[in-house]
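Architecture and fold: a report
Spelled out, the chains give:
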Amino acid sequence: MSTSSVSKGCFVFKPSSKKRKTRSLEHYFTRDCEGRESSERRFKLCEDLWNKIKAETEVLQEELNKKILDSLLDFAKKCSTTRQHCDWASKMRANEIPTAALVLGVNVPDHDMTFQSLFDLLKHSVTPHVVSVQAKECGVLKHLLKRVLEGLMDVAVDDDDEEEMEQNPRSVHCSLSTLSDWYTAKTKKSSSATPGKKRNVQDEDEHHHHHQTPPVVIIFKDLEGFNPRVLQDFISICSRYIDRLPLMFIFGIATSPSTVQHMLPHSVSSLLCIELFQSLSCTQHLATVIDKLILTAQFPFKLNGKVMQVLISIFLYHDFSVRNFIKGLQLALLEHFHSQPLSILCCKKKEALLNVTLLSGRDLETVRQLPSFIRFVEKQEAGEQVKLMTDDDHLKEACQKLIKDLRKYHKSYYPVLRCLHTLTSLLPRYPLGKQIRELHLICLEKNVWENEDYQSAMKLLKMLAKDELITSLRKCSEILSSAKSKKMKKAFTELDELLAKFKHLDAVPETVQEEPESVTSPIRNLQQQKKTDLFQLQKTLLEMNESRRSKKKSPFELLRNEVVEFIDGLVTCHLPPPESQTLYEVCYYSSSATVRRHLNATPRTSIQTALSSPCFYLQNESLKNEDGTVSNSAPDICIAYKLHLECGRLINLYDWLEAYATVVSAAEGQDPDCDTFGKVDDVKHARFIRSVSELEFLGFIKSTRQKTDHVARLTWGGC
Amino acid sequence: MTGVLHHPGYADEKLQRVEQLIPCRELQAGMLVSLMGQPQHYSYPSIFIYGHRASGKSHVLHILMKELEVTALVMEKAELLRDADANLLPALLRLQELVDDNITVILLSEIVWEKFRPNTGCFEPLLLHFPDYSKGELQQILSTDSHPSYSAELYSSYINILLGVFYSVCRDLRELRHLAALNFNKFCEPLTEGKVKETETHKLWRNIEPHLKKAMQTVYIREVSSLQWEQMQQTEDEGGALRGLSAHTHVELPYYSKFLLIAAYLASYNPARTDKRFFVKHHGKIRKTNFLKKNEKTSNHLLGPKPFALDRLLAIFYSVVDSRVAPTASIFSQISSLVTLQLLTQISHTDQLDAPKYKCSISLDFISAVSRTVNFDIVKYLYDFL
């Protein structure tokens, strides 16, 4: 490219749009991923799986929002119908604007979806006149009015004070009276345009009645963000038009409903008729998402304990955002299929078995190197060992069997996990966690039955009162009955038999009926007085152990022990951690560091890494020194950074410059004995000034007036 | 008997009709009518009317303009004119002179004229005060809304009871009318059930009084909406299952946001000098009196929150949070989330990226509730409570 310009200058050549190709997602996925040959198939699997998960989450969100949205819709409908009633009472208080205060929780970005579905639902079933506004667009009253008018009337709104001659002829004046005129015209037109044709009279009447004056709904997405003054003025203006314009407000509130009272004085809030709608708390929301997406054998892809822990702690500690949690899950999914060649087996049973036969020689070699597979091989007989390590076809067969085993493991893991949670979640002080996700994390970590808390939970279970025990056992049996695997079916029948025995116990009149009561009473006491300290708990447990040893057990106690043993058996059989399963690497994503790095960025640490070891980001081997220190040839800013670490709180700029010049001279290969060695020339000076100002920009130093020619360090610690 | 209103310019029947429409404001209306004069007369250029909310200012003018076809330029909520351009108010006051036509500007406000007068001086409007309605007047006005299916006497006695309860706290006609409408059904309940006759006022009073008292605590201060109040009355649930708006003050926050908020509160209410005392492990024994400065004798809580820099907030945060926290991007984004939730306020301009300053805008009750959920004893760390 050339120009015919004579003068020197800078020219921008925009790349022609033809050259740029929009690369597909697939291209990025397959570009530099492990195991190139299967990457396309893996991408396909990953995409399918993600689409399934996404569809599932959407259904889930819809269900969760359904209740609150339905009640909001009812409210809107009720408001618009009571307005049309002509009885004395509704006429007397017709001057109030119906307002729904919708409390959605502190994670504001998550609300967008809720508002979108609310908007659609309102448009679809209540009124065509819906508009939603957010605070950042409405700094002053005029902008708010403009937004509302534009959103409702779909025309350009003129908000300029100056009356210019060349106004857009289609634009309208920015005031509520414009809106009210528009509304009157609109409703008149629509009511005259739909004379009854074929519908029967009643239907027509109802339809007519409802649609004659549909309400005008204004959604304030983030109430907290609005300037209170703007909101107050807007509301008092609106209330003047309420007889002509059936307005209705929806306030999206992130914190608490009392915000309304903080923002609006009585004279304004008395113009509103506020009804409160509280949405599901985000922790409950997360629990449902985990229940439906994670704790299920439906999806072959799994997270290991550490990754799970990272995602959950980001949620609990940082953002309370369910959307981010799902995004994290998506990231893990993508990373897993991208980095693990064997993820080609992470799919439905049939497909997985087929894919085993398609494994390449290199893939099989990867299988042989999997830690879980090595453990498996070590347990086999010598002949079998050799066969597995050398015979590819034999290995494929073994893999098919192992994949099946892994599936079976999952099929029984989740029902048993749920059963255990049902039982332990009624124990005092929740020894294995209140939420099922906590129990899941414990089980992912190591053998749960070796956990001390588990053992104490089992002891407590052996003291549970009859009614509680039976109700929770019934729940367990429900869980097991819905499970599909053979083992679970067997467990279900066994549990049913045990339950039947309990029933039988009831039927037989007992002589020692009183005894179990006396034994169970201390534990009941424990539950009643919630704040039992551990010491007391242990004491009671010990006492009870003593007393039990001394007494002869009643039939109920014997049965109870039998049940607990049964549950314990189920747990030891079905809840070993996934790491113990052969080929678990196929399904489990375990790189928690990657997930953490992507989702919870640490800008400061990254900057420090970049400055102290530039080779990490530049990936230039020549910058690497054996002892890990910065080489002389590193970028200027790295050298300046390194030198400044050696200084105290105040840095003398001249000393710093000289030290810098020495290092740079060495890097340029100057002879140390030469006269000019370490001398400051213009270029070095300029380079130094630039790196110092870059460091200042990054916040490591700042200028100070304490001493001339000095700058102050803003960080502590040396090299 | 003829009414109070007389004016040669208008027919007596017309004036009488006006009088019926504006009960208890005949005097003020008469004054206005005589000020406006006959339609062809030039009237006074500007009139300033003030009186409390719902004292009939707009209503009287509305009726006069409609029934007597008086023309005037009426500005409601005139106090907002003070925020407009400085020359707007003086110009409006002399509009008659400026446009050279018979036009009167009437300003309505709840604020007295003294608070309007610009520094540069202006044309003085005629002042007219609408006093509050007396109890008797309120009774008279409210009784006109009587329910069509009940006698006017019954409604009037109901209003009497209502005023007995509410007059001491509220004299706002609009509010009273609203309350009257809300509670009338309850009042009539014994009548419709046939238990009481219309004349047995005492029994009716006994029935309605506790309800009105309850209304005073809830619906009057908008703790519950009028719709909810009506539902409550229908379902008769006396347990008060419905909680008012201010009962919901609990805010769920992520764990670190809670600590950031605690740190912000400490930074706002503790003098910076005392940070060492609270957050350095071996600070030595520094007693409060030793570093008490003169102006700090007053409680910091009475003075309100003080601004603090981001650095100080983070330093306190890392010191109070019980685990090691990496300075991740989400910690910083949580700070800005707290600002959008209006739990913190950014003092410096948002353009200033370097060392932004904040204030903590939450109450002690709120922060105590938050710190209880994370087992942090905030009172121990507050200088005021040392």
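All figures in this text were calculated on a predicted structure; none of them were measured in a lab. Residue positions are counted from 1 within each chain, in the order its sequence is given. All chains are assigned letters beginning at A, and all ligands numbers beginning at 1, according to the order in which they are written. Given that the model is predicted, a residue must reach a pLDDT of at least 70 before its local features are reported, and side-chain atom pairs must reach 80 or more before they are shown or counted; all residues, however, enter totals for whole chains, interfaces and linings. Here the side-chain values reflect all heavy atoms present in the structure, with hydrogen atoms and water set aside.

1. Describing the overall build of chain B
The way it works is that DSSP assigns letters per residue, a run of H or I at least four long becomes a helix, a run of E at least two long becomes a strand, and they are numbered from the N terminus. When you go through chain B residue by residue, the secondary structure sums to 16 helices and seven strands. In terms of C-alpha radius of gyration, chain B reaches 30 Å, well past the compact-globule figure of 21 Å for 386 residues. Taken along the three principal axes of its C-alpha coordinates, chain B extends 90 × 70 × 40 Å. Per-residue burial for chain B yields a buried fraction of 47% across its 386 residues. Of all intrachain contacts in chain B linking residues separated by at least 6 positions in sequence, the fraction that spans at least 24 positions is 69%. With the radius of gyration taken over C-alpha atoms, the globule rule is written as 2.2 Å times the number of residues to the power 0.38. Under the scheme applied here, a residue whose accessible area is under 20% of the maximum for its type counts as buried, over 50% as exposed, and between as partly exposed, the area being computed with a 1.4 Å probe on protein chains only. Any two residues whose heavy atoms approach within 4.5 Å are treated as being in contact.

2. Points about the packing of helix H2 (residues 26–36) of chain B against helix H3 (residues 57–67) of chain B
For any two helices packed against each other, one specifies the inter-axial angle together with the distance between the axes. All names here are of chain B. Note on geometry: axes are lines fitted to C-alpha atoms, helical ones only across the stretch in contact, with angles between N-to-C directions running from 0 to 180 degrees. One can describe the packing of H2 onto H3 by two numbers: an axis separation of 11 Å at closest approach and a directional angle of 50 degrees. By the angle between their axes, H2 is oblique relative to H3. Once H2 is placed against H3, the crossing between them reads as right-handed. Here Ala 29, Leu 32 and Val 33 of H2 lie close against H3, whose contacting residues are Val 60, Leu 61 and Leu 64. Roughly parallel here means an angle under 35 degrees, roughly antiparallel means over 145, roughly perpendicular means 65 to 115, and every remaining angle is called oblique. By definition, turning the near helix anticlockwise from the far helix through less than a right angle yields a left-handed crossing, and turning it clockwise yields a right-handed one.

3. Quick notes on the domain arrangement of chain A
Residues and elements named next belong to chain A. Domain limits in this description derive from either an automatic procedure or a database domain assignment. Domain boundaries in chain A define domain 1 (32–64 + 281–508 + 553–597), domain 2 (82–185 + 212–280) and domain 3 (603–713). Domain 1 and domain 2 are separated by 49 Å when their C-alpha centres are compared. Each partner contributes to the interface: domain 1 provides 11 residues, whereas domain 2 provides seven residues. Summed over both partners, the accessible area (1.4 Å probe) lost when two parts come together is defined as the buried area. A per-residue breakdown of the area domain 1 buries against domain 2 is headed by Ser 281, Phe 320 and Arg 323, which together make up 49% of the total. What counts as a salt bridge is simple: a side-chain nitrogen of Lys or Arg found within 4 Å of a carboxyl oxygen of Asp or Glu. Counting the contacts that link domain 1 with domain 2 gives one salt bridge. Here Asp 110 ties to Arg 323 by a salt bridge, and the two come within 3.8 Å at their closest N and O atoms. N or O atoms within 3.5 Å of each other form a polar contact, as long as, within protein, one can give a hydrogen and the other can take it, and as long as residues adjacent in sequence are counted only when both atoms are side-chain atoms. Summed over the shared surface of domain 1 and domain 2, the number is five residue pairs in polar contact (both at pLDDT 80 or more).

4. Let's talk about the pairing of strand E12 (residues 710–713) of chain A
All names here are of chain A. Pairing between two strands requires that DSSP report at least two bridges joining them. Pairing of strand E10 (residues 650–652) with E12 involves three bridges; the strand directions are antiparallel. Its bridge partner lying in E12, Asn 652 is registered against His 710. Pairing of strand E11 (residues 701–703) with E12 involves three bridges; the strand directions are antiparallel. When the sheet's bridge partners are listed, Lys 702 is paired in E12 with Ala 712. Joining the antiparallel neighbours E11 and E12 is a turn of six residues, in which Asp 709 adopts a positive phi near 60 degrees.

5. Quick notes on the confidence of the model for chain B
Residue and element names in this part refer to chain B. Per residue, pLDDT measures the predictor's confidence, with a range of 0 to 100. In the predicted model, chain B carries a mean pLDDT of 84, and 92% of its residues have values of at least 70. In the model of chain B, helix H10 (residues 226–235) stands out as the element of lowest mean pLDDT, 72, in contrast to helix H11 (residues 255–269), which has the highest, 95. Prediction confidence for the complex, expressed as pTM and ipTM, is 0.82 and 0.87 respectively.

6. Observations concerning helix H6 (residues 135–143) of chain B
Within H6 of chain B the residues assigned to the buried category are Leu 138, Gln 139, Ile 141, Leu 142 and Ser 143 of chain B. Along its buried surface, H6 of chain B packs onto helix H7 (152–166) and helix H8 (173–192) of chain B.

7. Regarding the sheet that holds strand E1 (residues 46–50) of chain B
Residues and elements named next belong to chain B. Taken together, four strands build an open sheet; the order of strands is E2-E3-E1-E4 and the sheet is parallel. Each end of this open sheet is capped by a strand with a single partner; those strands are strand E2 (73–75) and strand E4 (126–129). Strand after strand, the sheet turns through a mean of 20 degrees between neighbouring axes, direction not considered. Relative to strand E3 (residues 105–109), E1 runs parallel, the two sharing five bridges. Residue pairing for E3: Ser 46 is matched across the bridge by Val 105. Across the face of the sheet, H3 comes into contact with E1, E2 and E3 while running at roughly 155 degrees to E3.

8. Digging into the interface of chain B and chain A
How big an interface is tends to be stated in terms of the accessible area lost upon association of its parts. Counting from both sides, the interface comprises 49 residues of chain B and, opposite them, 42 residues of chain A. Linking chain B with chain A are two salt bridges. Linking Arg 240 of chain A and Glu 76 of chain B is a salt bridge whose minimum nitrogen-to-oxygen distance equals 2.3 Å. For the pair chain B and chain A, the interface holds 10 residue pairs in polar contact (both at pLDDT 80 or more). At the level of elements, H8, H10, H11 and helix H15 (329–340) of chain B are the ones that each hand at least two residues to the side of chain B that touches chain A. Ranked by residue count, the leading element in the side of chain B that touches chain A is H8 of chain B, at eight residues. In terms of residue class, the side of chain B that touches chain A is built from 21 nonpolar, 17 polar and 11 charged. Throughout this entry, Asp, Glu, Lys and Arg are counted as charged residues, while Ala, Val, Leu, Ile, Met, Phe, Trp, Tyr, Cys and Pro are counted as nonpolar. The remaining residues, Gly among them, count as polar.

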